[in-house]
Each structure stands twice: as structure tokens, then as C-alpha cells.
Amino acid sequence: MNKLRTSLLLACALALGACSDEPGSKGWCESKKEQPKSGWTADDAVTFASHCVFEATTVGSEAWCESLAEKPKGDWSSNEATDYAKHCVF
């Protein structure tokens with residue numbers, strides 16, 4: 001029963017998250033590159049610097065997936081687990 005509940009929660013999170021690119025994802029980074037920086041918020045600038053400058057930190061990139069796969073799963077945050085399932089598994 002617990003596995004079913006976890007699967008359903010993950011499916012719901014993925015369905016809701018599929019509506020827009022999450023900050024730090026490859027799609028989000030690409031859209032920010034096309035947007036004038038004058039339209040960015042301070043949070044956008046920090047997220048871009050943190051996740052889009054180097055591919056290894058871009059959520060969902062091949063390097064990010066490989067890096068997270070090497071990290072012990074017990075050390076993953078719930079966001080990392082959701083992002084990994086969304087970008088690296090499916």
C-alpha cells in the first residue's frame with residue numbers, strides 16, 4: 001500500500017510539474033537565455049547562476065543525472081528525487 005501511495009504521489013507531482021519548466025531546468029535556462037536580463041528578478045539571476053552556467057548543475061542535464069545517480073539515494077532531497085524521476089528516468 002505504501003509503494004502505491006508513493007507512486008501515486010510521484011505521478012501527481014510529475015503531472016503538475018510538467019505544466020511549466022521548473023527553475024533551474026534545461027528548458028527554464030533556455031528560456032531565460034532568450035529573455036532580456038532587465039526582465040529577470042533577483043531570484044532568476046541567482047537560479048541562473050546556480051543552475052545554468054555549468055551543465056553539471058542544470059537540473060535534468062545528462063551531467064546532472066549522472067552526478068545525482070552517484071550520490072547515495074538516502075542523501076537526496078525530495079526535490080532531487082522528483083526531478084531525477086522526471087528528467088532522468090522518464
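Right, let's walk through the structure included here. No experiment lies behind these values; they were computed from the predicted model shown. (Residues numbered from 1 in each chain as written. Predicted model: local features only at pLDDT ≥ 70, side-chain atom pairs only at ≥ 80, totals over all residues. Heavy atoms only, no water.)

So, the state of the cysteines
Selection criterion: Any two cysteine sulfur atoms lying within 2.5 Å of each other are counted as a disulfide. Each helix is a run of DSSP H or I of at least 4 residues and each strand a run of E of at least 2, with the numbering of both proceeding from the N terminus. Burial here depends on accessible area, computed with a 1.4 Å probe over protein chains only, as a share of the maximum for the residue type. Under 20% is buried, over 50% is exposed, and the range in between is partly exposed.
Within the structure shown, the criterion is met by two disulfides. Note on cysteine connectivity: cysteine 29 is disulfide-linked to cysteine 52, with sulfurs 1.9 Å apart. As the torsion about the S-S bond is roughly -75 degrees, the cysteine 29-cysteine 52 disulfide counts as left-handed. Linking cysteine 29 in helix α2 (residues 26-34) with cysteine 52 in the loop between α3 (42-51) and α4 (62-70), this pair joins segments that are 23 residues apart in sequence. Accessibility assignment for this pair places cysteine 29 and cysteine 52 in one class, buried. In this model, cysteine 65 is linked to cysteine 88 through a disulfide, with the two sulfur atoms separated by 1.9 Å. Between cysteine 65 and cysteine 88 the disulfide shows an S-S torsion of about -80 degrees. By sign, it is left-handed. Of this pair, cysteine 65 sits in helix α4 while cysteine 88 sits in helix α5 (residues 78-89), and the two are 23 residues apart along the sequence. A relative accessible area of 12% places cysteine 65 in the buried class. Cysteine 88 gets classed as partly exposed once you look at its relative accessible area, which sits at 24%.

Quick look at the pattern of salt bridges
Heads up, the rule is: Salt bridge criterion: a side-chain nitrogen from Lys or Arg within 4 Å of a carboxyl oxygen from Asp or Glu.
Enumeration according to the criterion identifies four salt bridges in this entry. As a salt-bridge pair, glutamate 80 and lysine 71 come within 3.1 Å of each other at their nearest N and O atoms.

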